[in-house]
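Okay, here's what each chain looks like letter by letter:
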Amino acid sequence: MNTAFATLLSLVIDGVAYGMMLFLISVGLTITLGVMRVVNLAHSAFAMIGGYLALWSMQHAGLGFFVAVPIAVIGTMLIGALLERTLYRWVYATSGLGQMLMTIGLAFVITALFKNLGGTQLQSVPIPPSLQGNWNVGPLSLSVYRAFLVGASAAVGLSLWLGLERTSFGAKLRASVDNPRIARCVGIDVPLVFSVTFAIGCGLAALGGALGSQFLPIEPYYGLKYLVHVLIVVAVGGLGSLRGSLYAGLLLGVIDTLGRYYVPALGAFVIYLAVLAILLIRPHGLVPRS
Amino acid sequence: MLRRRLIMASACCALGMAFSAQAAEIKVGLLSQFSGPYAWWGKEYQRGVDLYLAQIGNKIGTHTVTVLARDEGGTSPQKSRQLAQELVVRDQVQYLLGGTFTPTVLGVTDVATQTKTPFVICNAGTSSVTQKSPYFIRVGFTTWTVSVPLVQYALSQNLKKAAIVAADYAPGQDAIDAFGQTLSKLGGTLSGEVKVPLGTTNFSSYLQRVRDLQPQTVFMFMPVGPMSAGFIKAFKERELDKAGITLLANAETNEADLGAIGDSALGLTTALHYSPHLENATNKAFVAAYKTKYGKSELPSIASLAAYDGMRLIAEMIRANDGVRDGDKAITAAKGFKWESPRGPVSIDPKTREIVQNVYIRKVEKIDGQLGNKSFQTFTGVKDPWHEANPQ
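Computed from a predicted structure; not experimentally measured.

Student: Explain the sheet that holds strand E5 (residues 119-121) of chain B to me, and be specific about the residues and the numbers.
Tutor: All names here are of chain B. Pairing in this open sheet of six strands is mixed, and the strands run E2-E3-E1-E4-E5-E6 from one edge to the other. Each edge of the sheet is formed by a strand with only one pairing partner; in this case those strands are strand E2 (59-60) and strand E6 (136-138). Strand direction decides the pairing type here: strand E4 (residues 95-98) and E5, joined by three bridges, are parallel. What sits directly across from Gly98, in E5, is Ile121.

Student: Break down the interface of chain B and chain A for me, citing the residues and quoting the values.
Tutor: Across the boundary between the two partners, chain B contributes 26 residues, which contact 31 residues of chain A. In this assembly, chain B packs against chain A so that about 2,500 Å² is buried in total across both faces, 47% of it on carbon and sulfur atoms. Broken down residue by residue, the surface that chain B buries against chain A is led by Thr201, Asn202 and Glu237 of chain B, which jointly contribute 22%. One can count two salt bridges joining chain B with chain A. For Glu237 of chain B, the salt bridge goes to Arg146 of chain A, with nearest N and O atoms at 3.1 Å. Here chain B and chain A share 16 residue pairs in polar contact (both at pLDDT 80 or more) between them. Residue assignment for the side of chain B that touches chain A shows that the elements contributing at least two residues are helix H2 (39-56), helix H8 (204-213), helix H9 (226-237) and helix H10 (255-261) of chain B. The biggest single contributor to the side of chain B that touches chain A is H8 of chain B, with six residues. Classifying every residue of the side of chain B that touches chain A gives ten nonpolar, nine polar and seven charged.

Student: How would you sum up the layout of surface pockets? Please name residues and give values.
Tutor: All names here are of chain A. Empty space within the second largest pocket amounts to approximately 550 Å³. At the level of secondary structure, the elements contributing two or more residues to the lining of the second largest pocket comprise helix H1 (3-35), helix H5 (144-166), helix H6 (168-178) and helix H11 (242-262). The element that contributes the greatest number of residues to the lining of the second largest pocket is H1, accounting for four residues. Along the lines of polarity and charge, the residues of the lining of the second largest pocket split into nine nonpolar, five polar and six charged.

Student: Any details on the pairing of strand E14 (residues 355-367) of chain B? Residues and values, ideally.
Tutor: All names here are of chain B. Most of E14 sits inside the fold, with ten of its 13 residues counted as buried. In this structure, strand E11 (residues 269-272) lies alongside E14, joined through four bridges in antiparallel fashion. Counterpart to Ala271 in the pairing with E14 is Ile361. In the sheet, strand E13 (residues 344-348) pairs with E14 via two bridges, with the strands oriented antiparallel. Residue pairing across strands places Ser347 opposite Val356, the latter belonging to E14. Adjacent in sequence and paired antiparallel, E13 and E14 are bridged by six residues, among which Arg353 carries a positive phi angle near 60°. Bridge count for E14 against strand E15 (residues 370-382) is ten bridges, and the pairing is antiparallel. Directly across from Gln357, in E15, lies its bridge partner Val382. Between the end of E14 and the start of E15, which pair antiparallel, lie two residues, with Asp368 showing a positive phi angle near 50°.

Student: I'd like a description of empty space enclosed by the protein, backed by residues and values.
Tutor: Evaluated as defined, the whole model comprises three cavities of 30 Å³ or more. Its volume calculated, the largest cavity comes out at about 50 Å³. Along the walls of the largest cavity sit Ile13, Asp14, Asn134, Ser141, Leu142, Ser143 and Arg146 of chain A together with Glu237 and Arg238 of chain B, which together make up its complete lining. For the lining of the largest cavity, the secondary structure elements donating two or more residues are H1 and strand E2 (140-143) of chain A. Broken down by element, the residue count for the lining of the largest cavity peaks at three residues, all from E2 of chain A. Residue composition of the lining of the largest cavity, by class: two nonpolar, three polar and four charged. When its volume is computed, the second largest cavity comes out at roughly 40 Å³. Forming the walls of the second largest cavity are Gly140, Phe141, Thr142, Thr145, Glu354, Ile355, Gln357, Val382, Lys383 and Asp384 of chain B. Along the lines of polarity and charge, the residues of the lining of the second largest cavity split into three nonpolar, four polar and three charged.

Student: Describe the nonpolar core, and please don't skip the residues or the numbers.
Tutor: In terms of nonpolar packing, the biggest core is built from 91 residues, with Leu97, Phe219, Met311, Leu313, Ile314 and Met317 of chain B touching the most fellow members. Per element, the largest residue contribution to this core is twelve residues, and it comes from helix H12 (residues 302-321) of chain B. Inspection of this core shows a minimum of three residues originating in each of domain 1 (26-141 + 279-353) and domain 2 (144-272 + 360-386) of chain B. The residues contacting Met311 of chain B, other than those within four sequence positions of it, are Val28, Val49, Tyr52, Leu53, Val65, Val67 and Leu97 of chain B. Met21, Val27, Ala54 and Phe194 of chain A belong to the second-largest nonpolar core, a separate cluster that totals 77 residues.

About the thresholds
Residues numbered from 1 in each chain as written. Chains lettered and ligands numbered in written order. Predicted model: local features only at pLDDT ≥ 70, side-chain atom pairs only at ≥ 80, totals over all residues. Heavy atoms only, no water. Pairing = 2+ DSSP bridges. Helix = DSSP H or I, 4+ residues; strand = E, 2+ residues; numbered from the N terminus. Contact = heavy atoms within 4.5 Å. Buried area = accessible area lost by both parts, 1.4 Å probe. Salt bridge = Lys/Arg side-chain N within 4 Å of Asp/Glu carboxyl O. Polar contact = N/O pair within 3.5 Å; in protein donor to acceptor, adjacent residues only side chain to side chain. Nonpolar A, V, L, I, M, F, W, Y, C, P; charged D, E, K, R; others polar. 1 Å grid on protein atoms, 1.4 Å probe; cavity = no way out; pocket = protein on both sides within 12 Å on 5 of 7 lines; lining within 4 Å. Points joined across faces, edges and corners; volume = space filled by probe spheres on them. Buried < 20%, exposed > 50% of the residue type's maximum accessible area, 1.4 Å probe, protein only. Core = buried A, V, L, I, M, F, W, Y, C linked by side-chain atoms within 4.5 Å. Domains from an automatic or database assignment.

The quantities given are spatial measurements derived from coordinates; they are silent on function.
Structural data, given as structure tokens:
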């Protein structure tokens, strides 16, 4: 194989893996923003909570990776559900600005809390030996962990799509969002549906935070630092579209990786130029809401 | 106008202090990051200061020492300048300590010069900093000081063909100059430079570039934190080490971050002026005192060490002045002052007001079950090479 082609191929593989991680950390926001129409700027803060919970259950309770991560997801879902019942409920009816102010404020509070609980140093969830190492195919090498990440993201995407489109809960959720009054009339417990959906969104954030910590290390400022990554994916994908977020994550991951290699002078800006171009051509994102 | 007021204020302080030389209360202003993303520095500085004060019982002779901490909360030079001014003029501190980044330190320049207040700088790696004011003294380290020994070490290991990977900001450029110029002076060859934008966490493109350059060794320079951790892990994950490339670094394997970097850091060689695992008696006592005060699993860092040594130097200046405010006399006392620091024997270079110190070549190993930097070679009494090449 020609080296230039091998380089391109390995960059594309990396781009896809990075894109799937972007999808994983932002898909929860796609659900809450798109389906429930809550601008949840604390989304990345929930990802950070997930990362810390996974880390602490491994460090202090001595649990393995494959037990700690689900525990972190469930723990974050509980915290999310609690906050939904107490705080978020008040801002559903307000304007987007009200939601933004409340949720960014919440992100600051969570940041301060974790700074005091966990210290300011970086943390990352240790990955088990079974996920370490590389598979080598000719001149290409594929990291086992990246492959695992791609698989996990694909599984999450598929089960969400099935859950929303093919289950009665998905139907109830869509009904509750589109017309809460009628939904209530036909016997749907709208507040409960919202709480559960919000908790699922938080759990997905936690999963992204815990699995992605190899690339985006956990620290108290995580929630504010990486918020822009999440917002870009959701905006480019089209608010609330699962398929859109998947396409956007993949596209931006590949563009970012290739751009940094082939146009190093522009470095980190290639992704923003790509976002600008995409939104100019398709102002409502790749897959706009019908 | 401001200048005149500052001079007036300092003159008044000097007079006031001159009449009350006995048993004065000496105030020291500590400038650092106590909130925001860099709050780690403030916490570590405070720990170094508190440890030193506890050891001397807050007393230098008959004088009581009080430290007033102020939060810079970010990298704004204006904010640092304003805080320094308030400390010196209103709170009447005689000495300033701390400073984290080159811009925040430079913000204090006018205040230090006009009020003749010695500023003992604990970090800020740009060499030219101490030329900006005759009242600046640095007890941290400069990028040049630790980069030159690293290049010398690489060449002694026959690693002659090198690439540089640095974060794309002013200190990164400083590191590129330090590595690049030293390398070409000592007969190595530079395969290329890779600049990584600040905030990058996806390193695959840059590592591919490094692989294409086919160097024997890579010198890295990145801000301590997510970028350093991410790069080291990615380097290992992509098996560049197995492709025969040796990664060399400076402060990036800070003990506080080694946990996040994990076993990918094992075997990584770095050059730095301090490690909490140094085998000398002063350091052992320092580490033990630190653990007693802050907890068994805690270790001092370059930041707590710099603040600790900074207080040691300030104590010497207070002693020399007998508590009286006199910036010039204090600086004269500091010049050439030697002491035994946990990092080894150190002194203040009278010409440049930079600390002269050992630089250690260290390797990341498992020490008592935890990752740490173990020193195996020493460059003794290193003076800042940039100052040697660019005299004032």
